[in-house]
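Structure assessment
Residues per chain, in single letters:
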Amino acid sequence: MVATTSESLEFTANGGTTAGYLARPAEGGVHPAVVVIQEWWGLNDNIRDIADRIAAEGYVALAPDLYHGNVTAEPDEAQKLMMALQQDKAVTDMNGAVAALQARDDVDGAKIGVTGFCLGGGLALLLAMKNPAVTAAAPFYGVPMGDLAEASNIQGGVLGLYAGQDGFVTSDYVDQVHQALRAAGVSHTIHTYPDADHAFFNDTSPAFKADDAADAWERLKAFFAAQLKS
């Protein structure tokens, strides 16, 4: 791991600006980058911590604030925020994050990945289908989002991490993702943790499962290293 630094920043999107949290290696040089997409709670401390952890592995990590300042810890409010999120505007915000990374002197613009969790997992896969600059996508228990028929647009590989006890993202949907990626000829690995529930990677959630989260982290690191550092 490397020492990191972080800051808030704004970038152009949706005809205006979108805020985000940027974490990066403190050392100089040019690095690959990863867009980190929030859960339905918003851009909270957990997502910032994940961005920090990714940065410590040698990436410039940018977490865009798709709720534009709204954050909650209440499930009912989180559901309302997620339902109010307009998919096309979220895509524009995420594309703005990619463009902001590409414009940085410390980022290799040809090496940009995305990961996300819950809502963000679905959006991470969607971004890979919508933006050819994204060459590695790692959705964690991503909720259904977009049209899987667009999987043929994906450039690079996909690592899908899912939970066997997940009532939100069912095994049927996970199979649909697998079939769509296979039909599109996308290099991918789908891994399901049979005893885990939704949000098993979130160490602030009652569903947190330490062993599976640790294994998922190692898989994520290996995937991004192979896709973005080779």
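Here the structure is a predicted model, which is why all the values come from computation and not from measurement. (Residues numbered from 1 in each chain as written. Predicted model: local features only at pLDDT ≥ 70, side-chain atom pairs only at ≥ 80, totals over all residues. Heavy atoms only, no water.)

What about the overall build of the protein chain?
Note the following rule: The secondary structure listing takes helices from DSSP runs of H or I that are at least 4 residues long and strands from runs of E that are at least 2 residues long, numbered from the N terminus. Radius of gyration here uses only the C-alpha atoms, and the compact-globule reference equals 2.2 Å multiplied by the residue count raised to the power 0.38. Between buried and exposed lies partly exposed: a residue is buried under 20% and exposed over 50% of the maximum accessible area for its type, with that area taken using a 1.4 Å probe on protein chains only. Residue contacts follow a heavy-atom distance rule, with two residues in contact if any of their heavy atoms lie within 4.5 Å. For accessible areas, the Shrake-Rupley method is used with a probe of radius 1.4 Å. Any residue's cover is judged against the shown protein chains and nothing else. Here the positive residues are Lys and Arg and the negative ones are Asp and Glu; neither His nor the chain ends is included. All charge positions are set by atom: Lys at NZ, Arg at CZ, Asp at CG, Glu at CD.
When its secondary structure is counted, the protein chain shows 6 helices and 8 strands. Sequence-ordered secondary structure for the protein chain, helices as α and strands as β, is β-β-β-α-β-α-α-β-α-β-β-α-β-α. Radius of gyration (C-alpha) of the protein chain: 16 Å, near the 17 Å computed for a compact globule of 230 residues. Taking all 230 residues of the protein chain together, the buried fraction comes to 52%. Within the protein chain, contacts between residues at least 6 apart in sequence are counted, and of these 67% link residues at least 24 apart. Carbon and sulfur atoms provide 47% of the accessible area of the protein chain, an area that totals close to 9,700 Å². Put simply, the protein chain has 13 plus and 29 minus side-chain charges, and the middle of one group is 4 Å from the middle of the other.

Quick notes on the environment of Arg48
Relative to the helices and strands, Arg48 is located in helix α1 (residues 45-55). Along the chain, Arg48 and Ala207 lie 159 residues apart, while their C-alpha atoms are 19 Å from each other. Those residues within four positions of Arg48 in sequence are excluded, and the remaining contacts are Tyr21 and Leu43.

Side note on the sheet that holds strand β4 (residues 60-64)
Strands pair in a sheet through their backbones, by hydrogen bonds, and they do so in one of two ways: parallel or antiparallel. This is how the line gets drawn: At least two DSSP bridges between two strands are needed for those strands to be called paired. Lines fitted to the C-alpha atoms define the axes, with helices restricted to the stretch that makes contact. Angles between their N-to-C directions range from 0 to 180 degrees.
Here 8 strands make up an open sheet; going across it, the order is β1-β2-β4-β3-β5-β6-β7-β8 and the pairing mixed. Each of the sheet's edge strands pairs with one partner strand only, and the pair in question is β1 (4-13) and β8 (188-193). Going across the sheet, the axis of each strand differs from the next one's by a mean of 20°, ignoring polarity. In the sheet, strand β2 (residues 16-25) pairs with β4 via 4 bridges, with the strands oriented antiparallel.

Things to note about helix α4 (residues 119-130)
The criterion, for reference: Given a helix with a known number of residues, its expected span is that number minus one, times 1.5 Å.
With 12 residues, α4 ought to run about 16 Å at 1.5 Å a step, and its terminal C-alpha atoms sit 16 Å apart, in line with that. Of all 12 residues in α4, 11 are buried, a share of seventy percent or more. Listed in full, the buried residues belonging to α4 are Leu119, Gly120, Gly121, Gly122, Leu123, Ala124, Leu125, Leu126, Leu127, Ala128 and Met129.

Digging into the packing of aromatic side chains
For any pair of aromatic rings, geometry is given as the distance between the ring centres together with the angle between the planes. Operational definition: Ring pairs shown here join Phe, Tyr and Trp side chains whose ring centres sit within 6.5 Å, with only the six-membered ring taken for Trp; geometry is labelled stacked below 30 degrees between planes, edge-to-face above 60, and tilted in between. Over a ring means this: the NZ of a Lys or the CZ of an Arg is within 6 Å of the ring centre and within 35 degrees of the ring normal.
By the definition in use, this model includes 11 aromatic pairs. Note on Trp40 and Trp41: the rings are 5.5 Å apart at their centroids and 65° apart in plane angle, and the pair reads as edge-to-face. Comparing Trp40 with Trp41 shows no difference in burial state: the two are buried. Centroid distance Phe117 to Phe201: 5.6 Å. Interplanar angle 10°. Geometry classified as stacked. Here Phe117, found in strand β5 (residues 107-117), pairs with Phe201, found in the loop between β8 and α6 (210-229); they are 84 residues apart in sequence, far enough to count as distant. Three or more aromatic residues joined by ring pairs form one cluster here, namely Phe117, Phe140, Tyr141, Tyr193, Phe200, Phe201 and Trp217. Here the guanidinium or amino end of Arg53 rests over the ring plane of Trp217, the centre of that ring lying 4.1 Å away.

Brief notes about the packing of helix α3 (residues 87-102) against α4
Rule in force here: Convention used here: angles under 35 degrees read as roughly parallel, angles over 145 as roughly antiparallel, angles from 65 to 115 as roughly perpendicular, and any remaining angle as oblique. When residues are sorted by character, Ala, Val, Leu, Ile, Met, Phe, Trp, Tyr, Cys and Pro go into the nonpolar class, Asp, Glu, Lys and Arg into the charged class, and all the rest, Gly among them, into the polar class.
Close contact between α3 and α4 brings their axes to 10 Å; oriented N to C, the two are set at 70°. As judged from the angle between their axes, α3 and α4 are roughly perpendicular. Of α4, the residues touching α3 (which contributes Gln87, Ala90, Val91, Met94, Asn95 and Val98) are Leu123, Leu126, Leu127 and Lys130. Here the residues of the contact of α3 with α4 are counted per class, giving 7 nonpolar, 2 polar and 1 charged.

Brief notes about α6
To keep things clear, this is the line we draw: The arc in question is formed by the directions pointing from the helix axis toward the C-beta atoms.
For α6, spanning 20 residues, the distance from its first C-alpha to its last is 27 Å, which sits close to the expected 28 Å at 1.5 Å a residue. Taken together, the buried positions of α6 are occupied by Asp212, Ala213, Ala216, Trp217, Leu220, Phe223, Phe224 and Leu228. Buried residues of α6, viewed axially, fall in a sector of 135°; they line one side. Where α6 is buried, its residues contact β3 (31-37), α1, β5, β6 (134-140), β7 (157-163) and β8.

Comments concerning the pattern of salt bridges
Opposite charge on two side chains permits them to pair, given that their charged atoms come into close proximity. As a reminder of what qualifies: We define a salt bridge as a side-chain nitrogen of Lys or Arg found within 4 Å of a carboxyl oxygen belonging to Asp or Glu.
In the structure shown here, the tally under the stated rule is 6 salt bridges. Note that Asp215 and Arg219 form a salt bridge whose closest N and O atoms lie 2.7 Å from each other. Pair noted here: Asp215 and Arg219 are both in helix α6, with a separation of 4 residues, about one helical turn. We classify Asp215 as partly exposed; its relative accessible area is 30%. Take Arg219: its relative accessible area is 32%, and that puts it in the partly exposed class. The partner of Glu218 in a salt bridge is Lys221, and the shortest N-O contact between them spans 3.3 Å. Here Glu218 and its partner Lys221 are both found in helix α6, 3 residues apart, which amounts to about one turn of the helix.

In short, geometric facts, not functional conclusions.
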